[in-house]
Amino acid sequence: MVVDRPHSVAQMFAARVAETPAREAYRYPVPVDEHAADGAPGAEQWRSMSWGQAAERVYAIAAGMMALGVRPEERVAVSCSTRIEWILADLGIMCAGAAVTAVYPSTNADETAYILEDSGSRGAVVEDAKQLRKVLGECGQLPELAFLVTVDGSKPEQPHPGVEVLSLTELEERGAAYLKEHPDAVAGAIAAIDRDQLATLIYTSGTTGRPKGVRLAHDCWSYQATAQASGGLLTPDDVQYLWLPLSHVFGKTLTSGQIRLGSVTAVDGRVDRIIHNLPVVNPTYMAAAPRVFEKVYNGIAAKARAEGGAKYKIFLWAAKVARDYARTGQESLVATGVRKIPLGLRAQHAIADKLVYAKIRAAFGGRMRACVSGSAALAPEIGFFFSGAGVHILEGYGMTESSAGSTVNPGEDYRVGTVGTPLPGSEVRIAEDGEILLRSPGVMRGYHNQPEKTAEVLESDGWFHTGDIGEIDKDGFVRITDRKKDMFKTSGGKYVAPSEVEGRFKAVCPFVSNILVIGASRNFCTALITLDEPAIMQWAASHGQGGRSYAEVCASAEVHELVDGFVQRLNGDLQRWQTIKKFTVLPRDLDIEHGELTPSLKVKRPVVERENAAAIEKMYAGTVEA
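Residues numbered from 1 in each chain as written. Predicted model: local features only at pLDDT ≥ 70, side-chain atom pairs only at ≥ 80, totals over all residues. Heavy atoms only, no water.

Here's the deal with helix α2 (residues 51–67)
Step number 1: In this model α2 runs 24 Å from its N-terminal to its C-terminal C-alpha over 17 residues, within 8% of the 24 Å that 1.5 Å per residue would give.
Step number 2: All of the buried residues in α2 are W51, A54, A55, V58, A60, I61, A62, A63, G64, M65 and M66.
Step number 3: In the stretch just after α2, G69 is the one whose phi turns positive, near 95 degrees. (Helix = DSSP H or I, 4+ residues; strand = E, 2+ residues; numbered from the N terminus. Expected span 1.5 Å × (residues − 1). Buried < 20%, exposed > 50% of the residue type's maximum accessible area, 1.4 Å probe, protein only.)

Right under this line is the structure:
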């Protein structure tokens, strides 16, 4: 059991500030003044913030919330992209004793209004004018909403009676004035926070229906922070690159662990800046969803293919060596407890390292000790490739309802294809039907305003039903095989785990973006496939299709033939009933805007299947269903 953990995130933050006030806490990008001698329009530089400097702003925000009348456990929403102000607002709200309602900035107006109303949020911190307009437009449905704080200082074109709008700067100024009159207010609020007091409401993005508000207490985050620190995976000297959405549990838990350790976090949520930022920040670790590693792999493969000739052959050879090297080492580790690599393979690996792998590591900043992958399954072939190249991707597992981390691969002894072993203080067991059950201090206190939904998944003794199917090996490593609700049975009575097939296809096809395997109550499996636009357009330009649009390329006979080749490679490694008999390449990729992906990039299967029902039925046209 994890002991000696603080009562609250606020207490943990205050202790960190007291212990290392001058130590660097955060780095964040700021625009360079275009009129400066060394500046240019669009240029940026990274600025540093110490723990003491962070505390000054956090406590001012906390006092500002108190001045606005926010009381303990009342909710204040944050709708903002990942940036330093998100972290400061989050900590400020919690240090006031209030709770944060996390809202994705990409959430549409209707669902944003639902979340604010269901949570009973008294106010909201929003990023810019776009977020401000979205919330103000729904104010009629939100009688409890009393104030809005804008990060960039935006103000409404017209006043809204009953809703005060102020900038973050103005909030901090109000807080500073409040502290002059009540100097012990924030310290008193922090001291009064109870371990089981609500800290965060995160609404599950879900694949069907309205999202459910997951109630996460201060102890959930305190446990996560302590477990991360005691596990030995991270150290106080680490530099984390944080780009994940902080409205998602995966990103949020990383901020808690960093506070406990006192390490540095470089914050920038702009996905299009990741490749540029990594060599600048030189991080030692980073967390990401599998889709990011898949895109990096596809980009590396596409670049090598474009160079053609000998360079492409060298890449293909090096990729095979990387996988063989990593797989052989892992198999010997499992069997004997020691990684043993044959001399010949070690020699090939050394050559490939100089030619290929060193460049890959440099692209990650050159100091990356480990990457943590979560939120969905990473295709093992992708994992083995990066492992062999010296970029160690440690898969972990958890849910919003378990405040993220429940298991993670243990450093150098990680095993590709598993999600590791339980964090200290977490328990994992497999139910009779194969479902994974979790129990730990990180498990939610229930769904907000939904006791009946809580009772469906949370047992009285604390075991949480995940809805995932998996197994635990003799060494305690957990492997996820599929979502319980996603597994299906063909009309021939055979069970298919679609994510397993989908993961294998992502490993063999460097052009794929998303794939959905279909086949429930059908007599064979089919698939809906979308292609990675940069990769396939680069291929198209070199295969006589220059000038065509992405949709035209996806619809071409040449691309169908290309993808079919990869499908046949996939089928060669599958059981007969798992094989993909027919497939459709969709004219555009799945995205959040069309409601096909959750903000954490999980595919909403029912939505995709419903939108493409005609294409699915066409693949089964003329067949006889059993």
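A few points about the pairing of strand β18 (residues 435–439)
The side chains of a regular strand alternate between both faces of the sheet.
Step number 1: In terms of burial, β18 is largely enclosed, as four of its five residues are buried.
Step number 2: One ladder, built from four bridges, connects strand β17 (residues 427–430) with β18; its direction is antiparallel. Looking at β18, one finds that I430 is bridged to I436.
Step number 3: Taken together, β17 and the strand that follows it, β18, pair antiparallel across an intervening segment of four residues, in which G434 is found at a positive phi of about 90 degrees. (Pairing = 2+ DSSP bridges.)

Some thoughts on the packing of aromatic side chains
Step number 1: This structure, assessed with the given rule, holds 11 aromatic pairs.
Step number 2: Measuring from ring centre to ring centre gives 5.5 Å for Y26 and W51, while their planes differ by 55 degrees; the resulting arrangement is tilted. In this pair, Y26 is assigned in strand β1 (residues 24–31) and W51 in helix α2, connecting sequence segments 25 residues apart. A single burial state applies to Y26 and to W51, both of which are buried.
Step number 3: Note on Y297 and F315: the rings are 6.5 Å apart at their centroids and 45 degrees apart in plane angle, and the pair reads as tilted. Remark: F315 occurs in helix α12 (residues 309–336) and Y297 occurs in helix α11 (residues 290–307); sequence separation between them is 18 residues. Take Y297 and F315: they sit in the same class, and that class is buried.
Step number 4: Aromatic ring contacts, followed pair by pair, group F293, Y297, F315, F364, F385 and F386 into a single cluster.
Step number 5: Looking at R522, its charged tip hangs above the ring of Y620, at a distance of 4.2 Å from the centre. (Phe/Tyr/Trp six-rings, centres within 6.5 Å; stacked < 30°, edge-to-face > 60°. Lys NZ or Arg CZ within 6 Å of the ring centre and 35° of its normal.)

Points about unusual backbone geometry
Step number 1: Here the phi dihedral of N449 falls at roughly 60 degrees; this positive angle occurs in a residue that is not glycine.
Step number 2: With respect to the secondary-structure elements, N449 resides in the loop between β18 and α15 (451–457).
Step number 3: Under the relative-accessibility criterion, N449 is labelled exposed at 53%.
Step number 4: In this structure, S521 is a non-glycine residue whose phi angle is positive, near 60 degrees.
Step number 5: Topologically, S521 is positioned in the loop between β23 (512–518) and β24 (525–531).

Structural notes on the pairing of strand β5 (residues 123–126)
Step number 1: Burial along β5 is two-sided: G123 and V125 facing one way and A124 and V126 facing the other are all buried.
Step number 2: Pairing geometry for strand β3 (residues 75–79) and β5, over four bridges, is parallel. Paired with V76 across the two strands is G123, which belongs to β5.
Step number 3: As paired strands, β5 and strand β6 (residues 147–150) are joined by four bridges and run parallel to one another. Residue pairing for β6: G123 is matched across the bridge by F147.
Step number 4: Crossover β5 to β6 through helix α5 (residues 129–136) is right-handed. (Right-handed = clockwise from strand over helix to strand, strands pointing away.)

Quick word on the environment of K295
Step number 1: Relative to the helices and strands, K295 is located in helix α11.
Step number 2: For the pair formed by K295 and A535, sequence separation is 240 residues and the distance between their alpha carbons is 9.1 Å.

Things to note about the sheet that holds β23
Step number 1: The strand order β23-β24-β25 describes an open sheet built from three strands, whose pairing is mixed. Either end of the sheet is taken by a strand with one partner, and the two such strands are β23 and β25 (580–585). Neighbour to neighbour, the strand axes of the sheet diverge by 25 degrees on average, direction disregarded.
Step number 2: With five bridges joining them, β24 and β25 adopt parallel strand pairing. Considered in β25, the bridge of L528 is made with T584.
Step number 3: Here helix α21 (residues 613–620) sits on the sheet in contact with β23, β24 and β25, set at roughly 135 degrees to β24. (Axes fitted to C-alpha atoms, helices over the stretch in contact; angles between N-to-C directions. Contact = heavy atoms within 4.5 Å.)

All quantities given are derived from atomic positions and should not be read as evidence of function.
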